[in-house]
Amino acid sequence: MELETVSLGATGTRVSELAFGTWRFGHENDDGEVEIGEERAHELLDAYADAGGNFIDTADMYGDGDSERFIGNWLADRDREDFVVASKIYWPTRPDDPNGRGLSRKHLRRQVDRILDRLGTDYLDLLYVHRWDDDTPADEFMRTLDGFVRDGKVNYLGTSTLEPNAWKVVKANEMEYEPFRLAQPRYNLVNREVEPNYLPMCDDYDVGVVPWSPLAGGFLTGKYSRDEEPPAGSRGATDQQFRDSYLTDENFDVLETVEAVADEVGASTAQVSLAWLLEHDAVTAPIVGARTVDQLEENLEATRIELSDEQFARLTDAKSV
Ligand SMILES: NC(=O)c1ccc[n+]([C@@H]2O[C@H](COP(=O)([O-])OP(=O)(O)OC[C@H]3O[C@@H](n4cnc5c(N)ncnc54)[C@H](OP(=O)(O)O)[C@@H]3O)[C@@H](O)[C@H]2O)c1
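The rules we used
- Residues numbered from 1 in each chain as written.
- Predicted model: local features only at pLDDT ≥ 70, side-chain atom pairs only at ≥ 80, totals over all residues.
- Heavy atoms only, no water.
- Near = heavy atom within 4 Å.
- Polar contact = N/O pair within 3.5 Å; in protein donor to acceptor, adjacent residues only side chain to side chain.
- Areas by Shrake-Rupley, 256 points an atom, 1.4 Å probe, with all protein chains shown as cover.
- Helix = DSSP H or I, 4+ residues; strand = E, 2+ residues; numbered from the N terminus.
- Nonpolar A, V, L, I, M, F, W, Y, C, P; charged D, E, K, R; others polar.
- Pairing = 2+ DSSP bridges.
- Contact = heavy atoms within 4.5 Å.
- Axes fitted to C-alpha atoms, helices over the stretch in contact; angles between N-to-C directions.
- Buried < 20%, exposed > 50% of the residue type's maximum accessible area, 1.4 Å probe, protein only.

(A) Spotlight on the site of the ligand. Lining the immediate environment of the ligand, one finds 31 residues, of which Asp57, Ser160, Ser213, Lys223 and Arg291 sit closest. In this structure, an oxygen atom belonging to the ligand sits 3.5 Å away from a side-chain N or O atom of His130. Between the ligand and Gln295 there is a distance of 2.9 Å, counted from an oxygen atom to a side-chain nitrogen or oxygen. Coverage of the ligand by the protein chains reaches 96% of its 910 Å² of free accessible surface. It is helix α11 (residues 293-300) that contributes the most residues to the shell around the ligand, 3 residues altogether. When the residues that make up the shell around the ligand are grouped by side-chain class, the tally is 9 nonpolar, 15 polar and 7 charged.

Quick look at the structure:
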């Protein structure tokens, strides 16, 4: 199969219609086990690239830098120009250092150089602020980020997870600096908090939307059931926060509609959940995650699914927003 490309929001760069997320590379779960080590990480990246994927999402804190290191080692055997690489800065990277976090000029400058070093590249295609920093004046971080673009260290800026504070993006984008051209909110069939304000803001300001957790961390694959323990090895089995936020009666009600549509189109629930985002007018490219190559291959096949208008509307209406 060959993924198609789309415009990266209102920029001149083309990215594959599904991005690949590397949050779980080097990530230690609640049991202290590394979820995806370097060998598997490279197999996953190979599978994604073999399918025509070019849009890789990471962050400075994923696996405490290991996600970027694994990607950098993998890119060393590839042509870096074939890929659009995004990373993020905000979360603490030096626990005892009061300046080892956030969007201060000091932390941003330190982190961008560390990111480039780990990835083995001299520029990032896209740098997101992982969260807004209320302790740093917006003028300070927007001016610093603007400098990265002017210096050629970064091509585009993005912002992540600011719903419901759409006004913060507006405030930043109305300054005289390089604006946020992409937004990365959580968005999937059960997490719809961006719909009332955030997505209309993105539309109005030409900010592309790159949703994270498009499968609700695996909930929308249908492998969880109301009355059974999460399957061994799944995120639900190893992550209390996931269980608390996703394994709810309200979400299982939505899942019933997804399963019904999946039966109708002869696809998996994961594929239908992704197809809903792929067909969504507001969405640029969802960032799909996967722990195994089989999961990734199943997810990439979602690009072949076509939903009817009625099926799309039924999925949209499965949760009242
Ligand atoms: N900006 C932010 O704040 C933020 C936050 C979170 C994520 N992200 C980005 O978004 C990316 C995706 O997030 P996510 O991992 O939560 O995405 P997701 O696609 O919603 O969930 C991925 C997880 O679901 C399970 N899964 C995926 N496909 C499956 C399949 N076909 N069958 C069965 N299980 C399947 C796997 O977990 P198990 O097999 O372990 O259950 C996999 O790790 C991240 O890697 C990261 O790049 C950004």
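(B) View of the sheet that holds strand β4 (residues 55-57). Ordered in space as β9-β8-β7-β6-β5-β4-β3-β10, the 8 strands form an open sheet in which the pairing is parallel. The outermost strands of the open sheet, each flanked by one partner alone, are β9 (208-209) and β10 (287-288). Where helix α1 (residues 38-50) meets the sheet, its contacts fall on β3 (19-21) and β4, and the angle it forms with β3 comes to roughly 175°.

(C) Expanded view of the side chain of Asn29. Looking at the secondary structure, you find Asn29 in the loop between β3 and α1. By relative accessible area, which is 10% here, Asn29 ends up buried. A distance of 2.8 Å separates the side chain of Asn29 from the backbone nitrogen of Asp31, its partner in a polar contact. Residues within four places of Asn29 in sequence aside, it is in contact with Glu35 and Thr238.

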